[in-house]
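Geometric and topological summary
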Amino acid sequence: LYFVGYSKLVFEKEGVYLHTNAKRSNQDTTIPGFIRIVERVSWASPIDTIFTVSSKRGVEDTNFDPGYEPDWAVISTVKRDRVREHPPVKETSQWSFSLPLSELYSLRRSRFSLGRNFLVFTSRGGHPLPPLHFHRGGTRELLRALQRYIILAPSPVDGRLFLAYPHDSGALSQSFDELHLFDDGSSDLVSRFIQDPYATTFGGFSKVTNFFRGALRPPDSPFHPRGPQDHHGPHSADDEPGFELITCGVELGPKPDVTRGQPLDKWEEFLDPEGRVKDPQQIKELVFRGGITPSLRKDVWKFLLGFYPWNSTVKEREDILRMKTDEYFRMKVQWKSVSEEQEMRNSLLRGYRSLIERDVSRTDRHNTFFSGNDNPGLTLLNDVLMTYCMFNFDLGYVQGMSDLLAPLLFVTQNEVESFWCLTGFMEMVHQNFEESQEAMKQQLLQLSLLMKALDPELLDYLDSQDSGSLCFCFRWLLIWFKREFSFEDILSLWEVLWTRLPCENFHLLMAASILESQRGEFIGSDHDFNTILKHINELTMKLDLQTVLRGAEANYLQLACCKELPVKVQEVIGLYVPPSPDDETSPESESHETQQLLSQSQAGWVHGLTLLTPNPDSVVSMMQQES
């Protein structure tokens, strides 16, 4: 600590960049500076919290670019009519900001696709400050310093949004009531939060300060010793100061041994005399257990991907094929008949064509079906993707869709059938390709939640290395591991995932299985974010598919057997059943598929916040970095 005028400098951090989001202009988008927390010595003086960034760049890191657009992460606060006017954020220069800590409304901590951390502060008047990127790290130190002055409570709606409250137990308890975090106003809200964090909130922070318990305990009340079920009390003083790791809240049993089965090698015996599939569920279970013999894939895939209904007869399938063929070529004619002059005035179609041509030229060229120049397979790949743009105008073509189509075209060897199989596949994953990427963010959060339950130590290590967002798994989830396994393995993997057994998020359990397999590489190592990313990328073509599938199923069974599994985890793996008003939900209330999977496995079956604490006399300042 040292003193600045009549103030005491509590915290200072250089290498902090303010993101101006000025990419639409000629201005720089990131401005370097440093952030300070300053506390007045004279408690009678009014204190301001000051964020200050100069519009002049510092000497180092002049070419730094975070590589993301932060628009989606800036807090949009609904402005309400307030009894008193809140002082607006003061701008002391072009990029200088001033805000009393007592007027801080919220703080958002987020990461972008490249793993960059940033913070967004919003005032009680609804004024968000520009995102602050900590290029050299330091967010944890900042939050520890803030602990002395404010409490940040997690929002029940947004896991990475934290609301600021005065260091006052009554105010915080009242705020919890207003947020409906708990069903009643019980004084035991702290112990319930600690015992079952997932049932109350799911936050980007996985740590809670030890101060939380003491801050809300009445001053004269004795310390309550931990009960036998209080597994989440404070750690020892040797742990990270003031923090406690939140885990799943329950003990998971041992991972069960899982055995894979033989591929489905018979088909006709599962059909009735008219050609209907007699037991679709049995087919799905056999495919999930062992995949499909290559010679049968062309037939079975069309059922798994919805081209043919399971209960259709041979005659009905002939009619469906005829109808689907006509429909496909009607759509194909639409873009084929567009003249060059028309296309010059259709920038959207022109953009799709250009992107598709570029992607087709580099999709699975090692496969003989797509290798060489003037390959008819490449023409079919191009035509099917262009026709899909006519089928789905809203989505059009997005990079990565060619990776999904190539195996379909390789197996069906048919333009029409591969197109309609693609539409069925896209029904499962189309949200991955939407511009907002909300589905991808949600899946990364769900994967983080699974890892927190399955291996909290590994997730905590990754988080300590700025990798807790698991952004390096983005490609895995986007195109279902297409670049991680060999082409032949992908054919086997996707047919397993298309069964949607044992749950729709089985691909997340696969990702967790891969991460767990690398535990020994990470824990205790000196990896940082860049080397972790490099190591994950180098796993390509080195993973054994059957081992990963066994690990993923073992993860599911281990979680499913836990009787006290948090609701949020149950939701991810499809076990949560909302309580019915007519009858109580019992632990045994699981889906038929889950029950069957569990019973078969047990029989050895083989088918073939961070909480911080304000002193209104404290300030946070972001000062100009001297060149």
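Position numbers for residues start from 1 in each chain and track the written sequence from start to end. In keeping with the model being predicted, local features are shown solely for residues with a pLDDT of at least 70 and side-chain atom pairs are shown and tallied solely at 80 or more, while totals for entire chains, interfaces and linings include all residues. As a rule here, side-chain values come from all non-hydrogen atoms in the structure, and water together with hydrogens is ignored.

Helical segments are the DSSP runs of H or I of at least four residues, strand segments are the runs of E of at least two, and each set is numbered from the N terminus. Looking only at helices and strands, one finds 23 helices and 14 strands in the protein chain. Three exposure classes are used, based on accessible area relative to the maximum for each residue type with a 1.4 Å probe and protein chains only: buried under 20%, partly exposed in between, and exposed over 50%. Every one of the 627 residues in the protein chain was classed for burial, and the buried ones make up 53%. Surface accessibility follows the Shrake-Rupley procedure with a 1.4 Å probe radius. Residue values consider only the protein chains on display as shielding. In the structure as shown, the protein chain presents an accessible area of about 29,400 Å², 49% of it carried by carbon and sulfur atoms.

Let us look at the nonpolar core. Across soluble globular proteins, nonpolar side chains show a tendency to be buried alongside one another. Counting 117 residues, the largest nonpolar core has Leu470, Leu493, Met510, Leu515 and Ile573 as the members making the most contacts within it. For this core, the element with the highest residue contribution is helix 21 (residues 545-560), accounting for nine residues. Two residues qualify as a contact provided that any one of their heavy atoms is within 4.5 Å of a heavy atom in the partner residue. Apart from the residues within four sequence positions on either side, Met510 is in contact with Phe481, Phe485, Leu493, Leu497, Leu545, Val548, Leu549 and Ala552. Among buried residues, those of type Ala, Val, Leu, Ile, Met, Phe, Trp, Tyr and Cys that are joined through side-chain atoms within 4.5 Å constitute a nonpolar core.

This part is about the confidence of the model for the protein chain. Residue-level confidence of the predictor is what pLDDT reports, using numbers from 0 through 100. For the protein chain, per-residue confidence averages 74 on the pLDDT scale, and residues scoring 70 or more make up 64% of the total. Long-range and interchain partners of residues 42-87, a stretch whose pLDDT sits below 50, account for 134 contacts in this model, where long-range means more than four residues apart. In this model residues 600-627 is a low-confidence stretch, pLDDT under 50, and it forms 131 contacts with partners more than four residues away in sequence or in other chains.

Across its twelve residues, helix 17 (residues 487-498) extends 17 Å between first and last C-alpha, which sits within 8% of the 16 Å expected from 1.5 Å per residue. In terms of burial, helix 17 is largely enclosed, as ten of its twelve residues are buried. Inspection of helix 17 places Phe487, Ile490, Leu491, Ser492, Leu493, Trp494, Glu495, Val496, Leu497 and Trp498 among the buried residues, and these make up the whole buried set. Buried residues in helix 17 make contact with helix 6 (280-290), helix 7 (294-304), helix 12 (401-412), helix 13 (415-429), helix 18 (506-517) and helix 21. Just downstream of helix 17 lies Arg500, where phi reads positive at about 60°. The length a helix should cover is 1.5 Å for every residue beyond the first.

A separate point is the pattern of salt bridges. The rule for a salt bridge is simple: a side-chain nitrogen of Lys or Arg has to be within 4 Å of a carboxyl oxygen of Asp or Glu. Counting across every chain of the model gives 22 salt bridges. Residues Arg322 and Asp319 are paired through a salt bridge, measuring 2.5 Å at the closest nitrogen-oxygen approach. Of this pair, Arg322 and Asp319 both sit in helix 8 (residues 314-336), three residues apart, which is roughly one turn of that helix. Under the relative-accessibility criterion, Asp319 is labelled partly exposed at 31%. Because the salt bridges share partners, they merge into one network encompassing Asp364, Asp403, Lys482 and Arg483.

Quick look at the pairing of strand 10 (residues 151-154) now. On strand 10, burial covers both faces: Ile151 and Ala153 on one face and Leu152 and Pro154 on the other are all buried. Note on pairing: DSSP must find at least two bridges between two strands before they are called paired. Sheet analysis places strand 10 next to strand 11 (residues 161-165), joined by four bridges and oriented antiparallel. Residue Leu152 lies in a different strand from strand 11, and its bridge partner there is Ala164.

The next thing to look at is the packing of aromatic side chains. Stacked, tilted and edge-to-face are the three classes applied to pairs of Phe, Tyr and Trp rings, where Trp contributes its six-membered ring and a pair requires centres within 6.5 Å; stacked means planes under 30 degrees apart, edge-to-face means over 60, and tilted covers the rest. Scanning the entire structure with this criterion turns up 22 aromatic pairs. Seen in terms of ring centroids, Phe288 and Phe506 are 5.3 Å apart; in terms of plane orientation they differ by 70°. Their pairing is edge-to-face. Highlighted residues: Phe288 in helix 6 and Phe506 in helix 18, separated in sequence by 218 residues. Per residue, the accessibility class of Phe288 equals that of Phe506, and both read buried. With a centroid separation of 5.4 Å and 80° between ring planes, the pair formed by Phe425 and Trp498 is classed as edge-to-face. Of this pair, Phe425 sits in helix 13 while Trp498 sits in helix 17, placing them 73 residues apart in sequence.

Taken together, the buried positions of helix 15 (residues 456-464) are Leu458, Leu459, Tyr461, Leu462 and Asp463. At the C-terminal side of helix 15, Asp466 shows a positive phi close to 65°.

Cis peptide bonds are those with omega within 30 degrees of zero, and the linkage from Leu501 to Pro502 qualifies with -10°. One non-glycine residue, Asp364, adopts positive backbone phi at about 50°. As for its placement among the helices and strands, Asp364 is situated in the loop between helix 10 (347-360) and helix 11 (376-391). For Asp364, a relative accessible area of 9% gives the class buried. With a phi close to 60°, Leu470 is a non-glycine residue in the positive phi region. On the secondary structure map, Leu470 appears in the loop between helix 15 and helix 16 (474-478).

The residue Leu444 is located in helix 14 (residues 438-454) in this model. Leu444 sits in the buried class, given a relative accessible area of 12%. It is 9.7 Å that separates the C-alpha atoms of Leu444 and Phe472, two residues lying 28 residues apart in sequence. Apart from residues lying up to four places away in sequence, Leu444 is in contact with Ser469, Leu470, Cys471, Cys473, Phe474 and Leu477.

Fitted lines through C-alpha atoms serve as axes, helices being fitted only where they are in contact, and the angles separating the N-to-C directions of these axes extend from 0 to 180 degrees. Direction vectors running N to C along helix 18 and helix 21 enclose 110°, while the axes themselves pass 8 Å from each other. Taken together, helix 18 and helix 21 sit at an angle that is classed as roughly perpendicular. Taken together, the residues of helix 21 that come into contact with helix 18 (itself represented by Phe506, Leu509, Met510, Ala512, Ser513, Ile514 and Glu516) are Leu545, Thr547, Val548, Leu549, Gly551, Ala552, Glu553, Asn555, Tyr556 and Leu559. Three residue categories are used. Nonpolar comprises Ala, Val, Leu, Ile, Met, Phe, Trp, Tyr, Cys and Pro, charged comprises Asp, Glu, Lys and Arg, and polar comprises the others, including Gly. Looking at the contact of helix 18 with helix 21 residue by residue, the class counts come to eleven nonpolar, four polar and two charged. Throughout this description, any angle smaller than 35 degrees is read as roughly parallel, any larger than 145 degrees as roughly antiparallel, any in the 65 to 115 degree range as roughly perpendicular, and the remainder as oblique.

Further remarks concern the state of the cysteines. To count as a disulfide, a pair of cysteine sulfur atoms needs to be within 2.5 Å. Counted under the stated rule, the structure contains zero disulfides. Cys471 takes part in no disulfide bond, and the closest cysteine sulfur to it belongs to Cys473, at a distance of 8.2 Å.

Where helix 11 contacts helix 12, the axes come no closer than 10 Å and their chain directions differ by 125°. On the basis of the axis angle, helix 11 is oblique to helix 12. Along this stretch, helix 11 crosses helix 12, giving a crossing that reads as right-handed. Side by side, helix 11 and helix 12 meet where Gly377, Leu380, Leu381, Val384, Leu385 and Tyr388 of the first sit next to Met401, Ser402, Leu405, Ala406 and Leu409 of the second. For the contact of helix 11 with helix 12, a count of residues per class yields nine nonpolar, two polar and no charged. By convention the crossing between two helices is left-handed if the near helix lies anticlockwise of the far one by an angle smaller than a right angle, and right-handed if it lies clockwise.

What follows concerns the pairing of strand 11. Counting buried residues along strand 11, five of its five residues qualify, which places the element largely inside the surrounding structure. Burial of the side chains of strand 11 extends over both faces: Leu161, Leu163 and Tyr165 are buried on one face and Phe162 and Ala164 on the other.

Structurally, Glu357 can be placed in helix 10. Taking C-alpha positions, Glu357 is 9.3 Å from Leu378, a pair spaced 21 residues apart along the chain.

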